[in-house]
Amino acid sequence: MSLLKGKFQQQGYLTREQLKEYAKIQNISYQLVKKVLSDLGIKIYDIKPGERTNKTDKGYEKCVLCGKKTEIKSSHPISDRDYYEKGVGQLCRECYQDL
Ligand SMILES: [Zn+2]
């Protein structure tokens, strides 16, 4: 477990991926690694902290003029978007009104 403990001291947390990787290397089950770590009081994250917020940020379009994040989701169809200017791109409300 010293490898995982070292990582834990470095990062302050461990991810599920790291546990799985370790279990594979050591040829032991992931459930066992998880149990031993939780007995040691080590926190396990399903994802890296902060990853989730980055993802939601990326899910939104940025204004092509001022670079500000808009309320328009990237997955939203262009034909159905507000403040979208053909040949220009996605704008925020303020820039769109200034045009
Ligand atoms: Zn703008």
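(A) Region of interest: the overall build of the chain. Counting its secondary structure elements, the chain contains 5 helices and 6 strands. When the helices and strands of the chain are listed from N to C terminus, the series reads α-β-α-α-β-α-β-β-β-β-α. When contacts within the chain are restricted to residue pairs at least 6 apart in sequence, long-range pairs at least 24 apart make up 38% of them.

(B) Highlighting the packing of helix H2 (residues 16-26) against helix H3 (residues 30-39). Where H2 contacts H3, the axes come no closer than 8 Å and their chain directions differ by 120°. With respect to their mutual orientation, H2 and H3 come out oblique. Handedness of the H2/H3 crossing: right-handed. Along its contact with H2, which presents Leu19, Lys20, Tyr22 and Ala23, the element H3 presents Tyr30, Val33 and Lys34.

(C) Focus on the confidence of the model for the chain. Here the chain averages 84 in pLDDT, and 88% of its residues register 70 or above. Between the elements of the chain, mean pLDDT differs from a low of 49, seen in helix H4 (residues 51-58), to a high of 93, seen in helix H5 (residues 93-98). In the predicted structure, residues 51-56 sits below a pLDDT of 50 and forms 1 contact with residues beyond four places in sequence or in another chain.

(D) Representation of H3 within the structure. The buried fraction of H3 amounts to 1 of the 10 residues, a small share that puts the element mostly on the outside. Phi turns positive, to about 80°, at Gly41, one or two residues after H3.

(E) Expanded view of unusual backbone geometry. Its identity is not glycine, yet Asn27 carries a phi of approximately 60°, on the positive side. Assessed through the 6 C-beta atoms surrounding it within 10 Å, Asn27 is described here as exposed. Here the phi dihedral of Tyr83 falls at roughly 60°; this positive angle occurs in a residue that is not glycine. Within the secondary structure layout, Tyr83 lies in the loop between strand E4 (69-73) and strand E5 (84-85).

(F) Layout of the environment of Ile72. Along the polypeptide, Ile72 turns up in strand E4. What makes Ile72 buried here is the crowd of 22 C-beta atoms within 10 Å. Sequence spacing of Ile72 and Gly59 is 13 residues, and the spatial spacing of their C-alpha atoms is 8.6 Å. Those residues in contact with Ile72 that lie beyond four places of it in its chain are Tyr60, Glu61, Arg81, Asp82 and Gln90.

(G) Looking closely at the pairing of E4. With 2 bridges connecting them, strand E3 (residues 60-62) and E4 associate as antiparallel partners. Bridging from a neighbouring strand, Lys62 pairs with Lys69 of E4.

(H) Here's a closer look at the environment of Gly67. Take Gly67: it is sitting in the loop between E3 and E4. In the structure, Gly67 is positioned 24 residues away from Leu91 in sequence and 8.7 Å away in space, judged by C-alpha atoms.

Parameters at a glance
- Residues numbered from 1 in each chain as written.
- Predicted model: local features only at pLDDT ≥ 70, side-chain atom pairs only at ≥ 80, totals over all residues.
- Helix = DSSP H or I, 4+ residues; strand = E, 2+ residues; numbered from the N terminus.
- Contact = placed C-beta atoms within 7 Å.
- Axes fitted to C-alpha atoms, helices over the stretch in contact; angles between N-to-C directions.
- Parallel < 35°, antiparallel > 145°, perpendicular 65-115°, else oblique.
- Left-handed = near helix turned anticlockwise from the far one by under 90°.
- pLDDT = per-residue confidence, 0-100.
- Buried ≥ 20, exposed ≤ 12 C-beta atoms within 10 Å, placed from the backbone.
- Pairing = 2+ DSSP bridges.

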